[in-house]
Amino acid sequence: MRYIPRDNNTWHAMHAIYALRHSGDEYNIEPVKSALRHIYNGCCAYCEGKVEPVAYFEIEHFYHKEKYQQWKTNFHNLHFSCPRCNRLKGDKENDTILSPNYYYENGEWVTHPTEIDSCLHYTGYLLFPNADATSKKGEGTIEMFKLNDRPFLVWDRLRRYIEVYNLLKVIFDVLKSGKDAVKQLDRPIAILFQQTISYTNPDAAYSTMIIQNFGDEIKKLLSIWNVYRKE
Ligand SMILES: [Zn+2]
């Protein structure tokens, strides 16, 4: 699951919203597609996988388009989704699963910046619901999208997890061998850091998983490295 700060993408969203206003009943239009692709950085809102290298993305309606006609062309209800997640969700009722970002409550659309983090966490490459009052939404989301049961998805996450783990281990070993080693290996470590940090960018597949598992370690190692470099 991804949290997408839509406020950072106002221009794209505004353009899509304007186009929807004049599109009649049609939501599958170019401004919407390009806005969603941009906002979600090409990653599925639900499983976090990169969609387009292997499949066409689909526009997922969090509130189903046949049941809730009024939200069929509401941009806040449209999400970038891989075909598998879109199919798994289907028209199922949704008050026990997470919206990727906006959701509808007491007659208005609201955002929940911490919603996903407060309901779900990664331990290793597997997702778990948080053990508190919000766990129902987390459980429902994991179950509905089979986020821990789809072999391709789990394998892909594991591969990325191991890759980042190994990168960090190499960086840790170099930093541990003292500042002389760091001075000698300055450039190679910089490249490794760049590569590792790129996995935490919002355009990277499974970036939530990497940030939740390794975010603190990456920050710690970076600050040690910066101290060594300045000495
Ligand atoms: Zn997906």
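This structure is a prediction, so every number in the text was calculated from the model and none was measured.

Colleague: Which residues make up the overall build of the protein chain, and what values do they have?
Modeller: For the protein chain, the count of helices and strands is 9 helices and 6 strands. Judged by the C-alpha coordinates and their principal axes, the protein chain covers about 65 × 35 × 35 Å. A buried classification covers 33% of the 231 residues belonging to the protein chain.

Colleague: Outline the confidence of the model for the protein chain, listing residues and values.
Modeller: Of all residues in the protein chain, 93% attain a pLDDT of 70 or more, and the chain-wide mean is 88. When mean pLDDT is taken per element in the protein chain, helix α6 (residues 151-176) scores highest with 95 and strand β3 (residues 102-105) scores lowest with 69.

Colleague: Give me the domain arrangement of the protein chain: which residues, what numbers.
Modeller: Here the protein chain is partitioned into domain 1 (6-115) and domain 2 (155-230). When each unit is reduced to the centre of its C-alpha atoms, the spacing between domain 1 and domain 2 is 33 Å. In the side of domain 1 that touches domain 2, the residues fall into 1 nonpolar, 3 polar and 2 charged.

Colleague: For α6, give the residues involved together with the corresponding values.
Modeller: With 26 residues, α6 should reach 38 Å at 1.5 Å per residue; the first-to-last C-alpha distance of 37 Å fits that figure. When α6 is considered as a whole, its buried residues turn out to be Leu153, Arg157, Arg160, Tyr161, Val164, Ile171, Val174 and Leu175. The inward-facing, buried residues of α6 abut α7 (179-184), α8 (186-198) and α9 (207-230). Where α6 terminates, the next one or two residues include Gly178, which has phi positive at roughly 100°.

Colleague: Go over unusual backbone geometry with me, naming the residues and quoting the values.
Modeller: Although it is not a glycine, Glu48 sits at a positive phi angle of roughly 75°. Residue placement: Glu48 occurs in the loop between α2 (30-39) and β1 (58-61). According to the C-beta neighbour criterion, Glu48 is buried, with 25 such atoms within 10 Å. One non-glycine residue with positive phi stands out, namely Tyr206, at about 65°. By the element assignment, Tyr206 lies in the loop between α8 and α9.

Colleague: Which residues make up the packing of α6 against α9, and what values do they have?
Modeller: Orientation of α6 relative to α9, taken along the N-to-C sense of each, is 15°, at an axis distance of 11 Å. As judged from the angle between their axes, α6 and α9 are roughly parallel. Viewed along their axes, α6 and α9 form a crossing whose handedness is left-handed. Across the interface between the two elements, Arg157, Tyr161, Val164, Leu168, Ile171, Phe172 and Leu175 of α6 pack against Met209, Ile210, Asn213, Phe214, Glu217, Leu221, Ile224 and Trp225 of α9.

Colleague: Hey, could you go over the pairing of strand β2 (residues 78-81) for me, with residue numbers and the actual values?
Modeller: The side chains of a regular strand alternate, residue by residue, between the two faces of the sheet. Along β2, one buried face is formed by Leu78 and Phe80 and the opposite face, lined by His79 and Ser81, is buried too. In this structure, β1 lies alongside β2, joined through 4 bridges in antiparallel fashion. Each residue of the ladder has a partner; that of Glu60, found in β2, is His79.

Colleague: Hey, could you go over the packing of α8 against α9 for me, with residue numbers and the actual values?
Modeller: One can describe the packing of α8 onto α9 by two numbers: an axis separation of 12 Å at closest approach and a directional angle of 155°. Accordingly, the angle class assigned to the pair α8 and α9 is roughly antiparallel. Helix-helix and strand crossings are classified by hand; for α8 and α9 the assignment is left-handed. Taking contact as the criterion, the partners of Asp186, Ile189, Phe193, Thr196 and Ile197 in α8 are, on α9, Ile218, Leu222, Trp225 and Arg229.

Colleague: Got a sec to walk through the nonpolar core? Specific residues and values, please.
Modeller: Ranked by size, the top nonpolar core spans 49 residues in total, and within it Val32, Leu36, Cys44, Tyr46 and Cys47 carry the most contacts. Elements that contribute at least two residues to this core include exactly α1 (10-21), α2, β2, α4 (115-119), α6 and α9. Looking at which domains feed residues into this core, each of domain 1 (6-115) and domain 2 (155-230) supplies at least three. Contact partners of Cys47, with chain neighbours within four places excluded, come to Cys82, Cys85, Phe145, Leu147 and Leu153.

Calculation criteria
- Residues numbered from 1 in each chain as written.
- Predicted model: local features only at pLDDT ≥ 70, side-chain atom pairs only at ≥ 80, totals over all residues.
- Helix = DSSP H or I, 4+ residues; strand = E, 2+ residues; numbered from the N terminus.
- Buried ≥ 20, exposed ≤ 12 C-beta atoms within 10 Å, placed from the backbone.
- pLDDT = per-residue confidence, 0-100.
- Domains from an automatic or database assignment.
- Nonpolar A, V, L, I, M, F, W, Y, C, P; charged D, E, K, R; others polar.
- Expected span 1.5 Å × (residues − 1).
- Contact = placed C-beta atoms within 7 Å.
- Axes fitted to C-alpha atoms, helices over the stretch in contact; angles between N-to-C directions.
- Parallel < 35°, antiparallel > 145°, perpendicular 65-115°, else oblique.
- Left-handed = near helix turned anticlockwise from the far one by under 90°.
- Pairing = 2+ DSSP bridges.
- Core = buried A, V, L, I, M, F, W, Y, C linked by C-beta atoms within 7 Å.

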